[in-house]
Amino acid sequence: MTSPVPPSSPLPAAPVRARFTPPATRGRRTAAVLVSSAVVAVIALVAAVLATFIGNGQSPQVFPQVFGHFALAAFFAWALLSIANALGATRVWFLALITGLASACLAALIATTVTVAMTARSPFGPQAFLLVVGSLVSLNLVFILAVVIAEVLLAPRVLHGVMSYAPEREPRRLALVRIPASNLDEAELTHVERRPVDQALADEQWDNYCAALVAEGWETVEVDAAPDLADSVFVEDTVVMFDDLAVITRPGAESRRPEIDAVERAVRSLSRVSVARIEEPGTLDGGDVLKVGDVVYVGASSRTNAEGIRQLRELLAPHRYTVVGVPMSKALHLKSAATALPDGTVIGDPALLDATSLFPRFMPVPEPEGVAVVALSATSLLMSAAAPQTAAMLAGLGYRVVTVDISEFEKLEGCVTCLSVRVR
Ligand code: CIR
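Computed from a predicted structure; not experimentally measured.

With that settled, consider the domain arrangement of the chain. Domain annotation for the chain reports domain 1 (24-164) and domain 2 (170-423). The C-alpha centroid of domain 2 is placed 61 Å from the C-alpha centroid of domain 1.

Each aromatic ring pair is summarised here by two numbers: the centre-to-centre distance and the angle between the ring planes. Within the structure shown, the criterion is met by nine aromatic pairs. Measuring from ring centre to ring centre gives 4.8 Å for Tyr-297 and Phe-359, while their planes differ by 70 degrees; the resulting arrangement is edge-to-face. Of the two residues, Tyr-297 is situated in strand E7 (residues 295-300) and Phe-359 in the loop between strand E10 (346-348) and strand E11 (362-364); the sequence distance between them amounts to 62 residues. Each ring, one from Phe-359 and one from Phe-362, has its centre 6.1 Å from the other, and the planes form 20 degrees; the classification is stacked. Classification of Phe-359 as buried rests on a relative accessible area of 4%. An aromatic cluster is present here, built from Phe-75, Phe-76 and Trp-78 joined pairwise through their rings. Directly above the ring of Phe-242 sits Lys-291, whose terminal nitrogen or CZ lies 5.4 Å from the centroid.

Right, let's talk about the nonpolar core for a bit. Formed by 41 residues in total, the largest nonpolar core has its most connected members in Tyr-209, Leu-213, Leu-382, Phe-409 and Val-416. Those elements that place two or more of their residues in this core are strand E1 (174-177), helix H7 (199-215), strand E12 (373-375), strand E13 (380-384), helix H10 (388-396) and strand E14 (400-404). With near-sequence residues (within four places) excluded, Leu-382 lies in contact with Tyr-209, Ala-212, Leu-213, Ala-372, Val-373, Val-374, Leu-376, Val-402, Val-404 and Val-416. Of all hydrophobic cores here, the second largest spans 25 residues; its members include Ala-44, Phe-70, Ala-73 and Ile-144.

What follows deals with unusual backbone geometry. Cis peptide bonds are those with omega within 30 degrees of zero, and the linkage from Glu-280 to Pro-281 qualifies with 10 degrees. Within the secondary structure layout, Pro-281 lies in the loop between strand E5 (274-277) and strand E6 (289-292). With a phi close to 55 degrees, Gln-58 is a non-glycine residue in the positive phi region. The residue Asp-243 is not glycine, and still its phi comes out positive at about 55 degrees.

Reading across the sheet, the three strands line up as E6-E7-E8 and stay open at both edges, with mixed pairing between neighbours. Of all strands in the sheet, those bounded by a partner on one side alone are E6 and strand E8 (322-327). Each neighbouring strand pair of the sheet contributes to a mean axis angle of 25 degrees, computed without reference to strand direction. Across six bridges, the pairing between E7 and E8 is parallel. Paired with Tyr-297 across the bridge in E8 is Val-324.

Applying the stated criterion across every chain, the model contains 17 salt bridges. Across the pair Asp-261 and Arg-277 runs a salt bridge whose closest N-O atoms are separated by 3.6 Å. Residue Asp-261 is found in helix H8 (residues 260-268), and its partner Arg-277 is found in strand E5; the two are separated by 16 residues along the sequence. One exposure class covers both Asp-261 and Arg-277, and it is buried. As a salt-bridge pair, Arg-277 and Glu-264 come within 2.5 Å of each other at their nearest N and O atoms. Placement of the pair is Arg-277 in strand E5 and Glu-264 in helix H8, with a sequence separation of 13 residues. The exposure class of Glu-264 is buried, given its relative accessible area of 0%.

It is worth spelling out the pairing of E7 at this point. Two elements, E6 and E7, share four bridges in a ladder whose sense is antiparallel. In the strand pairing of E7, Val-289 is matched with Val-298. If you look at the hairpin formed by E6 and E7, you'll find two residues sitting between the two strands, and Gly-293 has a positive phi there, around 60 degrees. Regarding the hand of the β-α-β motif, the stretch spanning E7, helix H9 (residues 306-316) and E8 is right-handed.

Calculation notes
- Residues numbered from 1 in each chain as written.
- Predicted model: local features only at pLDDT ≥ 70, side-chain atom pairs only at ≥ 80, totals over all residues.
- Heavy atoms only, no water.
- Domains from an automatic or database assignment.
- Phe/Tyr/Trp six-rings, centres within 6.5 Å; stacked < 30°, edge-to-face > 60°.
- Helix = DSSP H or I, 4+ residues; strand = E, 2+ residues; numbered from the N terminus.
- Buried < 20%, exposed > 50% of the residue type's maximum accessible area, 1.4 Å probe, protein only.
- Lys NZ or Arg CZ within 6 Å of the ring centre and 35° of its normal.
- Core = buried A, V, L, I, M, F, W, Y, C linked by side-chain atoms within 4.5 Å.
- Contact = heavy atoms within 4.5 Å.
- Pairing = 2+ DSSP bridges.
- Axes fitted to C-alpha atoms, helices over the stretch in contact; angles between N-to-C directions.
- Salt bridge = Lys/Arg side-chain N within 4 Å of Asp/Glu carboxyl O.
- Right-handed = clockwise from strand over helix to strand, strands pointing away.

Here's what the structure looks like:
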């Protein structure tokens with residue numbers, strides 16, 4: 001976890017894209033074509049056998065006689081429709097109608113020719129020919145009509161259904177992290193005095209932080225290292241995840257803007273993620289974004305401006321989230337002052353918040369370092385070892401509390417939340 005990776009190269013600005021749908025693979029398309037044709041063929045087989053059974057006074061002897069014939073016709077119809085559907089016959093109804101009709105007639109003719117060849121005394125005479133052709137409007141009529149109707153009405157739906165079928169999979173729990181830079185002493189400071197940082201200890205603390213995530217079932221995904229971007233370890237500020245949507249931020253501190261390119265590359269490497277960006281003149285730090293269920297609280301801080309909040313609101317409008325602006329004048333970020341428990345209760349330091357009344361359920365914590373918790377699951381929390389009273393308080397509320405020492409990052413105004421981004 002501590003190996004240096006080459007610095008990032010710039011990426012072109014990406015337009016806002018709609019929710020990502022993975023393109024259907026060739027295998028999936030082939031399966032969809034075969035299944036949709038098979039559905040049509042089976043429906044026609046059943047309809048034709050039933051119609052013949054009813055038309056012959058519901059005599060059970062009819063079944064063995066006609067089943068073989070219609071099974072053969074259905075097989076040929078399936079083969080012909082598979083070719084037609086693979087070529088796009090189901091895209092428009094009249095194409096489906098024409099190909100359905102042609103395939104059904106051809107399949108019926110072939111099957112009837114085979115049946116006649118096996119049963120008639122002179123299978124290749126004019127009488128046999130008339131019998132075969134005439135079957136299109138007699139014996140095979142229901143079969144042909146059933147193929148046409150099913151090909152027009154059902155095949156496109158089945159095809160689309162198979163193509164877009166996505167079985168529920170156990171979601172992977174991914175967390176983006178970024179190895180500390182080698183110039184931590186040059187990190188931005190806003191509300192605290194500069195104190196020397198022990199670089200080796202910081203590296204060790206970061207390793208332990210990542211190990212704590214892994215131990216709790218999170219898979220860490222490392223963003224390419226940026227050894228000379230002092231604040232790059234605080235990866236939370238550069239991207240915010242909303243289900244499958246990754247919003248690449250535009251950090252409020254100029255020195256932090258070069259951090260985002262490698263972060264964008266990392267999120268683009270994840271499957272099923274679409275990417276949007278906060279654009280100039282908007283600024284937004286991920287540390288100002290607190291998600292509580294469907295509500296997204298966004299701190300209007302020295303790092304996040306009104307335009308940044310407006311853009312985020314616009315990006316999230318088509319999704320299930322509501323953006324609530326929170327005035328922030330006493331702390332670096334909203335999440336430097338408040339975070340949320342898995343049950344949605346916001347915990348924080350009232351002295352650092354302009355207004356606690358914005359949160360429907362708010363609970364003050366006894367230590368400033370205790371305001372930040374990372375919800376590892378519905379029942380467990382990660383928090384700073386510097387807030388033992390808060391840890392005890394939250395354990396008393398039934399949470400399993402995992403603590404990590406992040407003293408070197410706290411010297412840089414960082415907290416447990418800002419060292420990772422959970423992809424959720
Ligand atoms: C900064 O001022 O940007 C960093 N020194 C600290 C960022 C901490 N990020 C966060 O709490 N989300």
